[in-house]
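Given next are the chains, with one letter for each unit.
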Amino acid sequence: MNALVPLPVLLPLCATGLSLAFGTRLGRFQRFISVAVLTAVTALSAILMVAADRQGPLSVHLGDFAPPLGITLVADRLSGLMLTVSSAVTLCVLVYSLGQGMTDRDKETPLAVFHPAYLILVAGVSCTFLAGDLVNLYVGFEIMLVASFVLLTLGGTGPRMRAGSTYVIVSLFSSMLFLTAIAMTYAATGTANFAQVAARLAELPTGVRTLIQVLLLTVFAIKAAVFPLAAWLPDSYPTAPAPVTAVFAGLLTKVGVYCMLRTESLLFPGNRVGDLLMAVALASMVIGILGAVAQTDLKRLLSFTLISHIGYMVFGIGLATREAYGGAIVYVAHHITVQTTLFLVAGLIERRNGTTELTRIGGLAQAAPMLALLFFVPAMNLAGIPPLSGFIGKLGLMRAGVADGGGWAWALVAGAAATSLLTLYVVAKVWNLAFWRAAPPGAVAAGTVLESGDDSDDDPDAGPDRIHGTGDEGVAPAQRPAGRAVAGTSPGPAVITTNRLPHPMIAATAVTIGIGLAFTVFAGPLISYTDRTATEILQRSPYIQEVLGR
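Criteria and thresholds
Chains are numbered independently. Their residues run from 1 in the order of the written sequence. Reporting in this predicted model follows two pLDDT cut-offs: at least 70 for local features of residues, and 80 or more for side-chain atom pairs to be given and counted; totals over whole chains, interfaces and linings ignore these cut-offs and use all residues. Just so you know, side-chain values use all the structure's heavy atoms and leave hydrogens and water out. By the criteria applied, helices consist of DSSP H or I runs no shorter than four residues and strands consist of E runs no shorter than two, each listed in order from the N terminus. Three labels apply to residues, based on accessible area from a 1.4 Å probe with only protein chains included: buried if under 20% of the type maximum, exposed if over 50%, partly exposed otherwise in between. The criterion used for residue contact is that any of the two residues' heavy atoms lie within 4.5 Å. Surface exposure here means Shrake-Rupley accessible area, sampled with a 1.4 Å probe, where a residue is shielded only by the protein chains that are shown. Helix span, expected: 1.5 Å multiplied by one less than the number of residues in the helix. Under the rule applied, a polar contact is a pair of N or O atoms within 3.5 Å (in protein, one hydrogen donor and one hydrogen acceptor; residues adjacent in sequence only if both atoms are side-chain atoms). Note on geometry: axes are lines fitted to C-alpha atoms, helical ones only across the stretch in contact, with angles between N-to-C directions running from 0 to 180 degrees. Just so you know how the angles are binned, under 35 degrees is roughly parallel, over 145 roughly antiparallel, 65 to 115 roughly perpendicular, and the rest oblique. Left-handed is the label given to a crossing in which the near helix is rotated counterclockwise from the far helix by less than a right angle, and right-handed is the label when the rotation is clockwise. Charged residues are taken to be Asp, Glu, Lys and Arg, nonpolar residues to be Ala, Val, Leu, Ile, Met, Phe, Trp, Tyr, Cys and Pro, and polar residues to be all remaining types, Gly included. The rule is short: rings of Phe, Tyr and Trp, with Trp giving its six-membered ring, pair when the centres are within 6.5 Å, and they are stacked under 30 degrees, edge-to-face over 60, tilted in between. Only Lys NZ and Arg CZ are tested; either one counts as a charge over a ring when it is within 6 Å of the ring centre and within 35 degrees of the ring normal. Note on patches: the residues involved have over 30% relative accessible area and no salt bridge, like charges join within 9 Å, and the nonpolar side chains Val, Leu, Ile, Met, Phe, Trp and Tyr join within 5 Å. Salt bridge, as used here: a side-chain nitrogen of Lys or Arg that lies within 4 Å of a carboxyl oxygen of Asp or Glu. Residue-level confidence of the predictor is summarised by pLDDT, bounded by 0 at the bottom and 100 at the top.

What follows deals with the overall build of the protein. In terms of helices and strands, the protein carries 20 helices and 4 strands. When burial is assessed residue by residue, the protein has 59% of its 550 residues classed as buried. Sequence-distant contacts, at least 24 apart, represent 79% of the contacts inside the protein between residues at least 6 apart. Accessible surface for the protein amounts to roughly 19500 Å². Of this, 66% is attributable to carbon and sulfur atoms.

Rendered as structure tokens:
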């Protein structure tokens with residue numbers, strides 16, 4: 001069984017080579033490779049999760065080199081659950097992107113670029129979850145980030161390039177900080193292996209341990225978009241294509257949360273910076289949701305709710321009890337699926353209406369009842385309406401806060417309740433504007449060609465939807481006749497609105513909703529599993545003994 005541990009990393013990397021080899025010459029085979037590999041990775045992840053639950057942590061030393069020389073990959077209950085949920089979600093997003101790409105004739109997600117980059121992203125995420133040392137955790141991050149740079153700037157539009165530049169600068173800064181933390185850890189302990197570092201950090205002076213801990217937390221907080229290190233996210237994610245935004249929002253920030261949970265529980269037991277973590281958790285929840293309240297664009301609104309709900313997960317990490325860790329793990333799994341689903345729905349709304357600006361759309365409950373249902377279920381789940389999984393995760397965290405009884409814990413309980421109510425207000429606002437009210441005058445007609453390939457900000461006289469070379473420069477979308485074919489010459493893609501949404505996009509969104517509902521239907525087994533996971537990571541000894549063989 002241990003031999004299966006590297007496969008979630010190796011399979012996507014090997015498939016990337018095949019995907020690049022075939023390129024656009026055999027597009028259907030390239031799509032088949034991507035879907036088949038991600039299906040296999042999802043199945044392998046589920047097998048590893050079950051095996052880790054029954055047998056304990058599984059590890060493999062690549063090349064048979066023992067720590068600290070070799071590359072160690074470890075699959076325990078925590079990484080197994082994260083792998084399984086993330087693999088299932090990335091498979092759904094891939095199917096969604098195929099539906100979008102086939103309908104757009106692959107202009108929005110060019111096969112020669114999208115599939116290799118997407119597979120590398122999956123390999124990086126898997127490597128991060130399985131990494132057994134700081135160096136390979138860094139490698140996993142860099143693999144993931146290099147792929148994300150490509151995906152974020154697909155189409156080469158001005159807004160995407162600007163957002164990508166911001167994302168690159170922030171990521172490079174966090175990477176340099178990460179390398180500094182690794183160097184300090186190695187200088188202080190003589191190793192970067194998690195199990196060995198966990199055993200040796202206790203021998204170091206308190207000041208050195210705290211400095212290393214704060215450095216690592218800062219790195220992971222940037223990647224997780226924890227306030228006040230989250231300003232880059234609302235300006236970066238909404239500009240990307242819908243499937244890219246969905247997988248970024250669902251997964252990349254959770255990788256940072258996973259790393260915080262792993263290092264705090266394994267390397268730094270004792271909760272020395274618990275009050276600091278609870279303070280930033282409260283700030284993230286409150287400031288993030290207030291930012292969402294102020295938004296009128298659906299993608300930006302969801303980006304701020306993402307920042308806000310990261311605070312719930314940091315809440316559990318800051319408390320550092322079994323109940324808190326269990327609640328945080330439930331909430332991470334729940335939020336991966338729900339946040340991904342909501343961004344997929346935003347992509348469907350954009351496909352149908354040509355925009356995600358809430359002041360320009362309406363009447364969708366009557367015009368597109370299926371789309372309304374696809375939004376309503378995950379929106380209620382995000383708000384924590386009983387008995388959905390969002391309520392289960394929040395209830396577990398709030399019960400852990402009440403059991404702790406400290407001042408910060410009670411403040412977080414109150415903040416979590418207020419944030420949940422404001423989240424309900426935010427999704428209700430979206431429902432009222434986009435779905436319940438009548439469509440506003442000047443709404444975009446089906447078949448309208450909307451420009452998204454050029455940056456109108458570069459020309460102050462350009463209209464909101466300028467398409468160079470078409471004769472429609474500066475003409476608003478609603479003024480163009482529905483169904484008109486426009487052959488744009490701009491470097492980016494044109495989006496054509498349609499009342500009939502592609503079936504793969506709808507099906508993929510429905511499956512992600514089903515995964516979120518499965519967390520509700522099987523809440524008992526899920527909570528039992530996360531309780532065992534929390535117990536295991538608090539004990540630390542199963543992980544250390546498996547890696548070091550003692």
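Residue Pro228 is bonded to the preceding Phe227 through a cis peptide linkage, with omega at 10°. By secondary structure assignment, the location of Pro228 is in the loop between helix H8 (206-224) and helix H9 (233-236). For Ala225, which is not glycine, the phi torsion reads 60° and is therefore positive. Position of Ala225 relative to the elements: it lies in the loop between H8 and H9. Taking relative accessible area as the criterion, Ala225 reaches 0% and is therefore assigned buried. At Ala320, a residue that is not glycine, the phi angle is positive and equals roughly 60°. In this fold, Ala320 is placed in the loop between helix H12 (298-319) and helix H13 (322-353).

Turning to H12, a few remarks are in order. Along its 22 residues, H12 runs 32 Å from first to last C-alpha, staying within 8% of the 32 Å computed at 1.5 Å per residue. When you tally the buried positions in H12, you get 21 out of 22 residues, the bulk of the element. Two or three places before Lys299, at the start of H12, stands the capping residue Asp297, its side-chain oxygen 3.1 Å from that residue's backbone nitrogen. Positive phi appears at Ala320, one or two residues downstream of H12, with a value of about 60°.

If you trace the backbone, Asn499 turns up in the loop between strand S4 (494-496) and helix H18 (503-521). With a relative accessible area of 47%, Asn499 lands in the partly exposed category. In this structure, the C-alpha to C-alpha distance between Asn499 and Ala367, residues 132 residues apart in sequence, is 8.8 Å.

On to the packing of helix H11 (residues 274-293) against helix H17 (residues 407-436), then. For any two helices packed against each other, the geometry is given by the interaxial angle and the distance between the axes. Two elements in contact, H11 and H17, have axes whose closest approach is 9 Å; the angle formed by their N-to-C orientations is 20°. The orientation of H11 with respect to H17, classified from their angle, is roughly parallel. Crossing of H11 against H17: the hand is left-handed. Residue-level inspection shows Asp275, Met278, Ala279, Ala281, Leu282, Met285, Val286, Ile289, Leu290, Ala292 and Val293 of H11 in contact with H17, the latter providing Trp408, Ala409, Ala411, Leu412, Gly415, Ala416, Thr419, Leu422, Thr423, Tyr425, Val426 and Lys429. Split into classes, the residues belonging to the contact of H11 with H17 amount to 18 nonpolar, 3 polar and 2 charged.

All told, the structure shown has 16 aromatic pairs when counted by the stated rule. Among the aromatic side chains, those forming a connected cluster through ring pairs are Phe149, Tyr167, Trp232, Tyr237 and Phe248. The ring centre of Phe141 lies 4.6 Å from the NZ or CZ of Lys223, which sits over that ring.

Residues Val286, Ile287 and Leu290 make up a contiguous nonpolar surface patch of about 230 Å² in total accessible area. Checked against the element boundaries, Ile287 lands in helix H11.

Before going further, it helps to spend a moment on the confidence of the model for the protein. Interpretation of this model should avoid reading the predicted coordinates in detail wherever pLDDT is low. For the protein, the mean per-residue pLDDT works out to 83, and 85% of the residues sit at or above 70. The low-confidence segment residues 450-494 (pLDDT under 50) makes 84 contacts with residues lying over four places distant or belonging to another chain.

The next point concerns the side chain of Ser265. Note on placement: Ser265 falls in helix H10 (residues 242-266). Dropping the residues within four chain positions of it, Ser265 is found in contact with Tyr325, Ile537 and Arg540.

Another aspect to go through is the packing of helix H5 (residues 134-152) against H10. Taken N-terminus to C-terminus, the directions of H5 and H10 make an angle of 160°; their axes are 12 Å apart at the nearest point. Our classification of the angle between H5 and H10 gives roughly antiparallel. For the pair H5 and H10, the sense of crossing is left-handed. On H10, the residues touching Leu137, Phe141, Met144, Ser148, Leu151 and Leu152 of H5 are Val244, Phe248, Leu252, Val255 and Cys259. A breakdown of the residues in the contact of H5 with H10 according to their chemical character gives 10 nonpolar, 1 polar and no charged.

Counted according to the given criterion, the structure contains 8 salt bridges. Taking the shortest distance from any N to any O, the salt bridge between Arg532 and Asp53 comes out at 2.8 Å. On the criterion of sequence distance, the pair formed by Arg532 in helix H19 (residues 523-539) and Asp53 in helix H2 (residues 27-55) is long-range, its members being 479 residues apart. Through salt bridges that share partners, Asp53, Arg77, Arg532 and Glu536 make up one connected network.

With that out of the way, let us pick up the environment of Ala131. With respect to the helices, strands and loops of the structure, Ala131 is situated in the loop between helix H4 (111-130) and H5. With 58 residues separating them along the chain, Ala131 and Leu73 place their C-alpha atoms 5.0 Å apart. Ala131 has contacts with Thr72, Leu73, Asn136, Leu137, Phe194 and Tyr543, leaving out every residue within four places of it along the chain.

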